[in-house]
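Here is what each chain is made of, one letter per residue.
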Amino acid sequence: MIVVRQKPIDEITSMVTHHRRVLLVGCNTCAAVALAGGEKEVATLAELLRLSTSRRGSSVDFGECMLQRQCEPEFVEELESEEYDAVLSLGCGAGVALLAESVPKPVYPALDTLFIGAAKGLASWQAECSACGSCVLGRTAGICPVTRCAKGILNGPCGGVSDGTCELGDRPCAWVEIYERLESFGLEQEYGTTLEPKDNSVRIRTPKWDINAEEEPR
Amino acid sequence: MSLREALDSKRFVITSEVGPPKGTDVTEMLESAELLRGRVDALNVTDNQAAVMRMSTIAACIHLKNAGHDPVLQVTCRDRNRIALQSDILGAASFGITNVLALTGDHVVVGDHPEAKGVFDLESVQLLDVIAALTSGTDAAGNELHGVPDLTVGAVVTPDAKPLAPQLAKFEKKVRAGATYFQTQAVYDAESFRGFMEYARGFGVKVLAGIVVLRSAGMARFMNKNIPGIEVPGSVISQLDGAEDPVTAGIQVAARFVNDVRDSCDGVHIMAVGAEKLVPRVLDAADLRPATATTEAV
């Protein structure tokens, strides 16, 4: 899922404080699961903004609503924003973008989009994918070095690894984990294969993906 | 004479390093280099070491070359993509700077511009592959070069890395990618290092043992705690702890280490880490003379 986190309240307040009526729009898919864009979070943020904007001497009305998915037109079409002069999205960046495209008024992000991740416990997520467009997980025992290594490097640990911990000190070294997992499969020989530099053009050449559009076979 | 000739000779090779200044004043860097004139075979020039912004390594190498030293261009992958890396290496080679040491580079987050974007388009192994392409006459995309650099290509290895197996797998990739010599992370345990050398001997590359002179027991403890891949043994720490003059004791520790390993490796790389004046004292204490006299002739 897309993992998101609410922006600091001061930053959100500054975006909306000059409007009269602002509609908060939650997103019931990833953002709700990430406990940042569900119905509860929309209600809580609206209360916080009523306080923070009035403290700044503004009088702003905040409405609340939910969409099933902000990143799909069929759901975004349901949005009723006519009575508002701005929209505050509690969705990921794609949700904000589609709302902005669909609603002829200012749309602001209430969240920061962090990464594509997997749940690691209650309200805890691990970054697992950087959407690089050319997956290497088949060579790295299912652990993404582009994402899990702070430098995103291929071909083994850098000199900063210390007792299996990254030089940043806040995560295990992905390349030590990859070695250990390959070793547990008896596949540590594969570790010795040099991985070529990434083809960074894949992402650049893929600004959109239309499965119906005719495309040269890859 | 050159680093390459020193490496090709059967003699014990000595390298050290200097750091470019933060600013345009190269006086101190040249003074540090002057202390080592005629005493080392080559001088590494660090590349925004520890992700702290400094003068361009190439510019610093040119200053050193003009002053009659043989510089080693350290190249990290942190600040440049594959296009910039290649163009810098070609540019340096056009000035006769042909010793290259390929590194991945410390993360930007640990440096003095932590908000900068780390590049890491390549890492050390892939950089070595790209350098091999350059020396064989093409760029990384296979385009022909007009004027082909003749480079002496090195890399680094951490003999005391924990865990060791992934580090050694990477070492072997670097050998396959064309590194002909290795400078190691600082090592202190001679027996453990000789064990590493027994393994490394099988690869036909030159290995220079990394030396960082300890100036106090506190420094040793700090390095054990904070510098990845460094293991100062407890016996060394207690020796420094008990010493009246810990700096002299540190120099003796380094000299003894050199003597303990000189038959098992091909040379030493002495890193000054802010105490350049101590390097000649280590060389004296260990009775080290350079394999070549490169830096004597200006």
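Residues numbered from 1 in each chain as written. Chains lettered and ligands numbered in written order. Predicted model: local features only at pLDDT ≥ 70, side-chain atom pairs only at ≥ 80, totals over all residues.

Asks: Please explain the overall build of chain A as it appears in this structure.
Replies: When helices and strands are tallied, chain A shows eight helices and seven strands. In terms of C-alpha radius of gyration, chain A reaches 21 Å, well past the compact-globule figure of 17 Å for 218 residues. Along the first, second and third principal axes, the C-alpha atoms of chain A reach 65 × 45 × 25 Å. Expressed as a percentage of its 218 residues, the buried residues of chain A come to 37%. Sequence separation of 24 or more characterises 57% of the internal contacts of chain A that already satisfy a separation of 6 or more. (Helix = DSSP H or I, 4+ residues; strand = E, 2+ residues; numbered from the N terminus. Rg over C-alpha atoms; globule rule 2.2 N^0.38 Å. Buried ≥ 20, exposed ≤ 12 C-beta atoms within 10 Å, placed from the backbone. Contact = placed C-beta atoms within 7 Å.)

Asks: Where do I start with the overall build of chain B in this structure?
Replies: Helix and strand counts for chain B come out as 11 helices and eight strands. For chain B, whose C-alpha radius of gyration is 18 Å, the value lies close to the compact-globule estimate of 19 Å for 298 residues. Across its three principal directions, the C-alpha atoms of chain B cover 60 × 45 × 45 Å. Counting across all 298 residues of chain B, residues that qualify as buried make up 52%. For chain B, the share of sequence-separated contacts (at least 6 apart) that also reach a separation of at least 24 residues comes to 79%.

Asks: Looking at this structure, I do not really get the nonpolar core. What am I missing?
Replies: One finds Ala 102, Ile 131, Ile 211 and Val 282 of chain B to be the most contacted residues of the largest nonpolar core, which totals 110 residues. Listed in part, the 36 residues of the second largest apolar core include Ile 2, Ala 36, Leu 88 and Ala 110 of chain A. (Core = buried A, V, L, I, M, F, W, Y, C linked by C-beta atoms within 7 Å.)

Asks: Before we go on, may I ask you to explain the environment of Gly 178 of chain B in this structure?
Replies: Residue and element names in this part refer to chain B. Mapped onto the fold, Gly 178 is located in the loop between α6 (164-176) and β6 (181-186). As a C-alpha pair, Gly 178 and Ile 227 span 49 residues in sequence and 27 Å in three-dimensional space. In contact with Gly 178, not counting residues within four places along its chain, are Leu 128, Ile 131, Ala 132 and Val 153.

Asks: In this structure, what is going on with the packing of helix α7 (residues 190-200) of chain B against helix α10 (residues 246-261) of chain B? I would like to understand it.
Replies: A pair of packed helices is captured by two measures, namely the crossing angle of their axes and the spacing between those axes. Residues and elements named next belong to chain B. Close contact between α7 and α10 brings their axes to 10 Å; oriented N to C, the two are set at 35°. Between α7 and α10 the crossing geometry is right-handed. Packed against α7, whose contacting residues are Ala 190, Phe 193 and Arg 194, the element α10 presents Phe 257, Asp 260 and Val 261 at the interface. The residue inventory of the contact of α7 with α10, partitioned by class, reads four nonpolar, no polar and two charged. (Axes fitted to C-alpha atoms, helices over the stretch in contact; angles between N-to-C directions. Left-handed = near helix turned anticlockwise from the far one by under 90°. Nonpolar A, V, L, I, M, F, W, Y, C, P; charged D, E, K, R; others polar.)

Asks: Got a minute to help me understand helix α11 (residues 278-285) of chain B in this structure?
Replies: Two residues of an α-helix separated by three or four positions point the same way, owing to the 3.6 residues in each turn. Residue and element names in this part refer to chain B. The set of residues buried in α11 consists of Leu 278, Val 279, Val 282 and Leu 283. Angularly, the buried residues of α11 cover 145° about the axis, an arc narrow enough to put them on a single face. Tucked into the core, α11 has its buried residues touching β1 (13-18), α2 (27-35), β7 (206-212), α10 and β8 (267-271). Immediately downstream of α11, the backbone of Asp 287 shows phi near 55°, a positive value. (Arc of directions from axis to C-beta.)

Asks: Looking at this structure, I do not really get the sheet that holds strand β1 (residues 2-6) of chain A. What am I missing?
Replies: Sheet strands pair by backbone hydrogen bonding; their relative direction is either parallel or antiparallel. Residue and element names in this part refer to chain A. In spatial order, the strands read β1-β6-β7; together these three strands make up an open sheet with antiparallel pairing. For this open sheet the edge positions go to β1 and β7 (124-129), each flanked by a neighbour on one side alone. For this sheet the average axis-to-axis angle between neighbouring strands, irrespective of direction, equals 70°. Bridging between strand β6 (residues 111-121) and β7 involves five bridges; their strand directions are antiparallel. What sits directly across from Ile 116, in β7, is Cys 129. (Pairing = 2+ DSSP bridges.)

Asks: What exactly am I supposed to notice about the confidence of the model for chain B here?
Replies: Caution applies to low-pLDDT regions: their predicted coordinates should not be interpreted in detail. Considering every residue of chain B, the mean pLDDT works out to 94; 97% of them sit at 70 or more. Counting contacts from residues 294-298 of chain B, a segment whose pLDDT is below 50, to residues more than four positions away or on other chains yields 15 contacts. (pLDDT = per-residue confidence, 0-100.)

Asks: In this structure, what is going on with the domain arrangement of chain A? I would like to understand it.
Replies: You'll often see interface size given as the accessible area lost when the parts meet. Along its sequence, chain A is organised into domain 1 (2-115) and domain 2 (130-204). Centre-to-centre separation of domain 1 of chain A and domain 2 of chain A, based on C-alpha positions: 36 Å. (Domains from an automatic or database assignment.)

Asks: Looking at this structure, I do not really get the sheet that holds β7 of chain B. What am I missing?
Replies: All names here are of chain B. Pairing is parallel in the closed barrel, where eight strands are placed in the order β1-β2-β3-β4-β5-β6-β7-β8. On average, adjacent strands in this sheet sit at an angle of 30° to one another, irrespective of strand direction. Both strand β4 (residues 99-103) and strand β5 (residues 152-157) contribute to a ladder of three bridges, which runs parallel. Across the sheet, Val 100 pairs through a bridge with Val 153, a residue of β5. Relative to β4, helix α5 (residues 124-135) is tilted by about 150°, and along the sheet it contacts β3 (71-76), β4 and β5.

Asks: Help me out: how do you make sense of the packing of helix α1 (residues 9-16) of chain A against helix α3 (residues 39-55) of chain A in this one?
Replies: All names here are of chain A. It is the contact of α1 with α3, at a shortest axis distance of 10 Å, that shows an interaxial angle of 70°. Taken together, the axes of α1 and α3 are roughly perpendicular relative to one another. For the pair α1 and α3, the crossing hand works out as right-handed. In contact with Ile 9, Ile 12, Thr 13 and Val 16 of α1, α3 contributes Leu 48, Leu 49, Ser 52 and Thr 53. Along the lines of polarity and charge, the residues of the contact of α1 with α3 split into five nonpolar, three polar and no charged. (Parallel < 35°, antiparallel > 145°, perpendicular 65-115°, else oblique.)

Asks: Even after reading the chapter, I still don't get the interface of chain B and chain A, so can you show me in this structure?
Replies: Contact with chain B, which involves 29 residues of that partner, is made by 24 residues of chain A. Broken down by secondary-structure element, the contributors of at least two residues to the side of chain B that touches chain A are α5 and α6 of chain B. In terms of residue count, α6 of chain B provides more of the side of chain B that touches chain A than any other element does, seven residues in total. The residue makeup of the side of chain B that touches chain A, split by class, is 13 nonpolar, eight polar and eight charged.

Asks: How should unusual backbone geometry be read in this particular structure?
Replies: With an omega of -5°, the peptide bond between Lys 162 of chain B and Pro 163 of chain B qualifies as cis. The phi dihedral of Asn 155 of chain A falls on the positive side, at around 85°, and the residue is not glycine.

Asks: What exactly am I supposed to notice about the pairing of β1 of chain A here?
Replies: Within a regular strand, side chains alternate between the sheet's two faces. Residue and element names in this part refer to chain A. With four of five residues buried, β1 lies mostly within the body of the structure. As defined by bridge partners, β1 adjoins β6 across five bridges and the pair is classed as antiparallel. Across the sheet, the residue bridging to Arg 5 is Asp 112, located in β6.

Asks: How do you make sense of helix α5 (residues 93-102) of chain A when you look at a structure like this?
Replies: Residues of α5 of chain A that are buried include every one of Gly 95, Val 96, Leu 98 and Leu 99 of chain A, and no others. Buried residues in α5 of chain A make contact with β2 (21-27), α4 (73-76), β4 (86-90) and β5 (107-109) of chain A.

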